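Here's the letter readout for the chains.
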Amino acid sequence: MTCENVQASLPFLLYGELSFDEEEQLEQHLGACAPCRQALEEMRALHAAFDQSAEPLPAPLLLECRRELRERVREEAGGKRGLGWWAKLAGRLRPAFLTPAFGSPAWPRVLGAVAMLMLGFAGARLTSPATVRTPPTYDTVPVSGTRVRFVEPAENNGLVKITLEETRERQVTGKLDDARIRQLLLSAAQDPADPGLRVETIGLLQRETETAEVRQALITAMQSDDNAGVRMKALQGLKRYAAHPEVRSALAAVLLHDGNSGIRTQAIDLLVQHKQRDVVGALQQLMEREDNDYIRQRTRRLLSDLNASVDSF
Amino acid sequence: MDEAGLIRAAQSGDEQAFEQLVHSYDQAVLRLAYNLLRSQEDARDIYQEAFLRVHRNLHSFRFDCSFHTWLYRIVTNLCLDHLRKRKVRKEESAIVETAEGPRDRISTIPESGATGDPERHMLSSELRARLNRGMEQLTPRERTVFEMRHHQGMRLRAIGEILGTSEEAAKNCLFRATQKMRAALGEFV
């Protein structure tokens, strides 16, 4: 195997796309060839850089797409059931519009507009009053056995809107300080299937952190949610409580255990705001394992301000 | 219910089964579209169009290939069409107008990760700009193969099957993409 062949195969070695025999030959060559080993290290660095070419999905985007798809699927299904005769008629008329006599680009548009108008009237006629959504009060919502699918703030009136999964969909509105509304949100904050929903819910719960059970939910999400976006949102919700012993202890745990350096950075920034000795032990442990320069620097400074040693004994 | 069961239920009109099927794949599909097109609006359009096509044509799915392959054929065709049109129109300049004046498109995407380290931030911005330039130099097919292999972790054989080509052709495509990206990053890596 020549060096040229080996170096051309390096990307596929890293992707695990070589056969057993190809990999064997390559490794034998690498064992004996320093320039190719150097080329492998460069390829590793290149791959690590490629990792940064991906953009994290904006959290609400998936949620919005799902909502829009559901509506469009419903529209299409409704159209198929109620307006089959119109679709057939339109199908028969359509080739005529495309003949040269109707070749002007304006024709299909005009006819399309007429068709849309007729569809609108037909749709209104076929829609029964029962399908028109009128938000019920929460009194009519059975909380147990109901899955929260979407949450969103209503328009500037301090209410939240919650979409539940039942045999049919309903919306409930209520204030955040309402225990039953809160119960729905707390359940949504733990929905394992939908990180987008958890982010939205934690965002809403941030406004109600006076309540101990909400604070506890945020602490749990910050420490144990598997989605970094949710953990970050929960941490931001706890900012006002950075002096609270329980929150400080949770922040120290985040510093020691969270794999996301962005979240650890936010955690140390919050702990620094209140120079209290309760987290000294955790900070000393952190100095032994943290490799992020910024976090190390902030931790060292905080320990120094607290007259504590940088090392643990 | 396993995937085949979900597909059969969705084929017979069970909308909940269809939704469950969508939710098994839609995050990865959206991520692919967003990474390839770098625009929330375009990614949203691809998402809607892809899953609406799945919904309309699911009755004709005969299990001749995996559902994953079938879905990704739809998604990649839509993305490739979009990238080709964009290339022809040349309307997607790398420079976009913002409130602070013209800026590189990539720098308008909010940055994730640690904040507060100016040197790291500068290095990271420069790296992102170079990566962006490298991506711009890839053909739509090279870009798609690169995304599917590097970020979605698909095997080259599966990528070939999805794109209607051989594993070897997908491999060559990935090789060219890697070379171009390497040239764009230059001495930076």
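(A) Expanded view of the overall build of chain A. Helix and strand counts for chain A come out as 14 helices and 3 strands. Sorting the 313 residues of chain A into buried and exposed places 42% on the buried side. Long-range contacts, defined here as pairs at least 24 residues apart, represent 58% of the contacts in chain A between residues at least 6 apart. For chain A, the accessible surface area stands at approximately 17100 Å², while carbon and sulfur atoms represent 53% of it.

(B) Structural context of the overall build of chain B. Secondary structure summary: chain B contains 8 helices and 2 strands in total. Out of the 189 residues in chain B, the part that is buried amounts to 46%. The contacts in chain B between residues at least 6 apart in sequence include a share of 62% that link residues at least 24 apart. For chain B, the exposed surface amounts to about 9300 Å²; the carbon and sulfur share of it is 48%.

(C) Highlighting the packing of helix H3 (residues 34-51) of chain A against helix H8 (residues 167-185) of chain B. In contact at an axis separation of 11 Å, H3(A) and H8(B) are set at 90° when each is read in the N-to-C sense. Accordingly, the angle class assigned to the pair H3(A) and H8(B) is roughly perpendicular. Only Thr178(B), Met181(B), Arg182(B) and Leu185(B) of H8(B) make contact with H3(A), whose side of the interface consists of Glu42(A), Met43(A), Leu46(A), Ala49(A) and Phe50(A). Broken down by class, the residue content of the contact of H3(A) with H8(B) amounts to 6 nonpolar, 1 polar and 2 charged.

(D) Examining helix H3 (residues 40-57) of chain B more closely. Residue and element names in this part refer to chain B. Here H3 contains 18 residues, and its C-alpha end-to-end distance of 26 Å stays within 8% of the 26 Å for a straight helix at 1.5 Å per residue. Of the positions making up H3, those classed as buried are Asp42, Ala43, Ile46, Tyr47, Gln48, Ala50, Phe51, Leu52, Val54 and His55. Its side-chain oxygen placed 3.4 Å from the backbone nitrogen of glutamate 41, serine 39 serves as the N-cap of H3.

(E) Inspection of the pattern of salt bridges at higher detail. Using the criterion set out here, one finds 24 salt bridges over all chains in the structure. Arg248(A) serves as the salt-bridge partner of Asp278(A), at 3.1 Å between the closest nitrogen and oxygen. In this pair, Asp278(A) is assigned in the loop between helix H12 (261-273) and helix H13 (280-289) and Arg248(A) in helix H11 (residues 245-257), connecting sequence segments 30 residues apart. Residue Asp278(A) is classed as partly exposed on the basis of its relative accessible area of 46%. Via salt bridges that share partners, Glu17(A), Arg149(B) and Arg155(B) belong to a single interconnected network.

(F) Structural context of the interface of chain B and chain A. Between chain B and chain A, the contact holds 50 residues from the first and 43 residues from the second. Taking both sides of the interface into account, the surface hidden between chain B and chain A amounts to around 4500 Å²; carbon and sulfur atoms contribute 59%. Considering only the surface of chain B that becomes buried against chain A, Gln48(B), His150(B) and Arg182(B) emerge as the three largest contributors, covering 12% of it. Inspection of the region where chain B meets chain A yields 8 salt bridges. Close ionic contact of Glu17(A) with Arg155(B) constitutes a salt bridge, the shortest N to O distance being 3.8 Å. At the boundary of chain B with chain A, the tally comes to 14 residue pairs in polar contact (both at pLDDT 80 or more).

(G) Just a negative patch on the surface, in detail. Residues Asp21(A), Glu22(A), Glu24(A), Glu27(A) and Glu168(B) make up a contiguous surface patch of negative charge. Ranked by the residues each element gives to the negative patch, the list is headed by helix H2 (residues 20-32) of chain A, at 4 residues. Note on placement: Glu168(B) falls in helix H8. You can call Glu168(B) partly exposed: its relative accessible area is 49%.

(H) Region of interest: the confidence of the model for chain A. Residues and elements named next belong to chain A. Counting all residues, the mean pLDDT for chain A is 77, and 75% of those residues have values of 70 or more. By mean pLDDT, helix H5 (residues 84-97) is the weakest element of chain A at 43, and helix H1 (residues 3-14) is the strongest at 94. Low pLDDT, under 50, characterises residues 82-111; the predicted model gives this stretch 14 contacts beyond four residues in sequence or across chains. Every residue in residues 123-136 is under pLDDT 50, and counting partners more than four places away or in other chains gives 10 contacts.

(I) Examining the confidence of the model for chain B more closely. Residue and element names in this part refer to chain B. Mean pLDDT over chain B stands at 85; residues scoring 70 or higher make up 80%. When pLDDT is averaged over each helix and strand of chain B, the minimum, 54, is found for strand S1 (residues 95-98) and the maximum, 96, for H3. Here the complex is predicted with pTM 0.53, and the ipTM for its interfaces comes to 0.82.

(J) Seen up close, the nonpolar core. Counting residues in each nonpolar core, the largest one holds 76 residues, and the members touching the most others are Leu58(B), Phe67(B) and Phe146(B). Beyond its immediate chain neighbours, meaning those up to four positions away, Phe67(B) contacts Glu3(B), Ile7(B), Leu21(B), Tyr25(B), Val54(B), Leu58(B) and Phe61(B). By size, the runner-up hydrophobic cluster in this structure holds 55 residues, among which are Leu164(A), Ala250(A), Ala252(A) and Leu303(A).

(K) Fine view of unusual backbone geometry. All names here are of chain B. In this structure, arginine 38 takes a positive phi of about 55° despite not being glycine. Summarising the element assignment, arginine 38 is placed in the loop between helix H2 (15-37) and H3. In this structure arginine 38 comes out as buried when scored by relative accessible area, which is 9%. At phenylalanine 63, a residue that is not glycine, the phi angle is positive and equals roughly 60°. Among the structural elements, phenylalanine 63 can be located in the loop between H3 and helix H4 (67-89). Under the relative-accessibility criterion, phenylalanine 63 is labelled partly exposed at 33%.

(L) Representation of the side chain of Arg66(A) in the model. Relative to the helices and strands, Arg66(A) resides in helix H4 (residues 59-82). A relative accessible area of 9% means that Arg66(A) is categorised as buried. Beyond its immediate stretch of four places on either side in the chain, Arg66(A) contacts Asp194(A), His23(B), Asp26(B) and Tyr47(B).

(M) H1(A), seen in detail. Compared with the 16 Å implied by 1.5 Å per residue over 12 residues, the 17 Å span of H1(A) between its first and last C-alpha is a close match. All buried positions along H1(A) are accounted for by Val6(A), Ser9(A), Leu10(A), Pro11(A), Phe12(A) and Leu13(A). Buried residues in H1(A) make contact with H2 and H3 of chain A together with helix H7 (156-163) and H8 of chain B. Of the residues flanking the end of H1(A), it is Gly16(A), one or two places downstream, whose phi is positive at about 65°.

The rules behind each value
Residues numbered from 1 in each chain as written. Chains lettered and ligands numbered in written order. Predicted model: local features only at pLDDT ≥ 70, side-chain atom pairs only at ≥ 80, totals over all residues. Heavy atoms only, no water. Helix = DSSP H or I, 4+ residues; strand = E, 2+ residues; numbered from the N terminus. Buried < 20%, exposed > 50% of the residue type's maximum accessible area, 1.4 Å probe, protein only. Contact = heavy atoms within 4.5 Å. Areas by Shrake-Rupley, 256 points an atom, 1.4 Å probe, with all protein chains shown as cover. Axes fitted to C-alpha atoms, helices over the stretch in contact; angles between N-to-C directions. Parallel < 35°, antiparallel > 145°, perpendicular 65-115°, else oblique. Nonpolar A, V, L, I, M, F, W, Y, C, P; charged D, E, K, R; others polar. Expected span 1.5 Å × (residues − 1). Polar contact = N/O pair within 3.5 Å; in protein donor to acceptor, adjacent residues only side chain to side chain. Salt bridge = Lys/Arg side-chain N within 4 Å of Asp/Glu carboxyl O. Buried area = accessible area lost by both parts, 1.4 Å probe. Patch = residues over 30% accessible without salt bridge, like charges linked within 9 Å, V, L, I, M, F, W, Y side chains within 5 Å. Lys, Arg positive; Asp, Glu negative; His and termini not counted. Charge placed at Lys NZ, Arg CZ, Asp CG, Glu CD. pLDDT = per-residue confidence, 0-100. Core = buried A, V, L, I, M, F, W, Y, C linked by side-chain atoms within 4.5 Å.

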